[in-house]
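Working through the structure, step by step
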Amino acid sequence: MTRSVKVVVLTGLALGAVLGMAGTAVTSSSLRAILWSIDGTGLIVATSLLALTQFRKGNDLIAAGFLVYAIGEAVMLGGTALSMEASVPTFAAGAALWSAALLMTSVPKGFAPLWGRAAGCVGAVLFAMVSLHIFAGQLVTPIDKPLPSFAYPFLVLAFVGWGWATAKSE
């Protein structure tokens, strides 16, 4: 991975982690939409590049996981300008894809450190629960507590693990 690709990946992951969490804390819906649109775009770029680098290394399952994550993030990006209630269907679909992607990138050895992979597995289970609740007819918005709010820190820890592995890579 070239230095410039590393910088883009690390920047995208950092934007995703910081602005994503910030978006859950702000009360202004327009500010939240701006934060989440930058967060989502950064993560789509970062995970797309991670998919390519992992594919080149022969880590097909991990590479596919990053592609699934990018698709899930793109689905969610479509709902960022909507009201919390109107964004629920895109959030449910995105959370389901996040869950699958987190498992695909966290279960196999070879990329992220164990603590980052463990956080990804916990996040996968929590986002699967959120998605299943919504698909079962419950109204769960992206900022509800305890879920999905409790799941976001595990997602961010997975990002930190991805960033750690990227920074350490040759």
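What counts and what doesn't
- Residues numbered from 1 in each chain as written.
- Predicted model: local features only at pLDDT ≥ 70, side-chain atom pairs only at ≥ 80, totals over all residues.
- Heavy atoms only, no water.
- Helix = DSSP H or I, 4+ residues; strand = E, 2+ residues; numbered from the N terminus.
- Rg over C-alpha atoms; globule rule 2.2 N^0.38 Å.
- Contact = heavy atoms within 4.5 Å.
- Areas by Shrake-Rupley, 256 points an atom, 1.4 Å probe, with all protein chains shown as cover.
- Lys, Arg positive; Asp, Glu negative; His and termini not counted.
- Charge placed at Lys NZ, Arg CZ, Asp CG, Glu CD.
- Axes fitted to C-alpha atoms, helices over the stretch in contact; angles between N-to-C directions.
- Parallel < 35°, antiparallel > 145°, perpendicular 65-115°, else oblique.
- Left-handed = near helix turned anticlockwise from the far one by under 90°.
- Nonpolar A, V, L, I, M, F, W, Y, C, P; charged D, E, K, R; others polar.
- Phe/Tyr/Trp six-rings, centres within 6.5 Å; stacked < 30°, edge-to-face > 60°.
- Buried < 20%, exposed > 50% of the residue type's maximum accessible area, 1.4 Å probe, protein only.
- Expected span 1.5 Å × (residues − 1).
- Polar contact = N/O pair within 3.5 Å; in protein donor to acceptor, adjacent residues only side chain to side chain.

A few points about the overall build of the chain
A count of helical and extended segments in the chain gives six helices and zero strands. Its helices and strands taken in sequence order, the chain reads α-α-α-α-α-α from the N to the C terminus. By the compact-globule yardstick of 15 Å for 170 residues, the chain fits well, its C-alpha radius of gyration being 15 Å. Seen along its three principal axes, the alpha-carbon backbone of the chain occupies a region of about 45 × 30 × 20 Å. Considering only residue pairs separated by 6 or more positions, the chain has 70% of its internal contacts joining residues 24 or more positions apart. With the model as given, the accessible surface of the chain reaches about 7900 Å², and the carbon-plus-sulfur share is 73%. Distance from the positive charge centre (9 side chains) to the negative charge centre (6 side chains) of the chain: 12 Å.

Quick notes on the packing of helix α3 (residues 60-77) against helix α4 (residues 88-106)
Between α3 and α4, whose axes approach to 8 Å, the crossing angle comes to 165°. Relative to α4, the element α3 lies roughly antiparallel. Seen along the crossing, α3 lies across α4 with a hand that is left-handed. On α4, the residues touching Leu61, Ile62, Ala64, Gly65, Phe66, Val68, Tyr69, Ile71, Gly72, Glu73, Val75 and Met76 of α3 are Thr90, Phe91, Ala93, Gly94, Ala95, Leu97, Trp98, Ala100, Ala101, Met104 and Thr105. Taken together, the residues that form the contact of α3 with α4 break down as 17 nonpolar, five polar and one charged.

Quick notes on the packing of aromatic side chains
All told, the structure shown has ten aromatic pairs when counted by the stated rule. Ring geometry for Phe66 versus Phe111: centroids 5.5 Å apart, planes at 85°, classification edge-to-face. Here Phe66, found in helix α3, pairs with Phe111, found in the loop between α4 and α5 (114-135); they are 45 residues apart in sequence, far enough to count as distant. For Phe111, a relative accessible area of 13% corresponds to the buried category. Aromatic pair Trp98 and Phe127: ring centres 4.9 Å apart, planes at 85°, arrangement edge-to-face.

Quick look at the environment of Ala22
Mapped onto the elements of the fold, Ala22 is located in helix α1 (residues 3-25). Of the residues examined, Ala22 reaches a relative accessible area of 28% and is grouped as partly exposed. Taking the C-alpha atoms as reference, Ala22 lies 7.9 Å from Arg32; in sequence the two are ten residues apart.

Points about the packing of helix α2 (residues 29-56) against α3
Interhelical geometry of α2 versus α3 gives an angle of 160° and a closest axis separation of 8 Å. Judged on the interaxial angle alone, α3 and α2 are roughly antiparallel. Read as a crossing pair, α2 and α3 show a hand that is left-handed. Here the residues of the contact of α2 with α3 sort into 14 nonpolar, six polar and three charged.

Here we look at α2
In a regular helix each residue adds 1.5 Å, so 28 residues correspond to 40 Å; α2 covers 40 Å between its end C-alpha atoms and thus fits that length. Within two residues after α2, Gly58 carries a phi angle of roughly 90°, on the positive side.

A look at the side chain of Thr166
Following the sequence through the fold, Thr166 ends up in helix α6 (residues 152-168). Of the residues examined, Thr166 reaches a relative accessible area of 0% and is grouped as buried. One polar contact links the side chain of Thr166 to the main-chain carbonyl oxygen of Trp162, over a distance of 2.8 Å. Among residues more than four places away in sequence, those in contact with Thr166 are Met1, Lys6, Val9, Leu10, Leu50 and Phe111.

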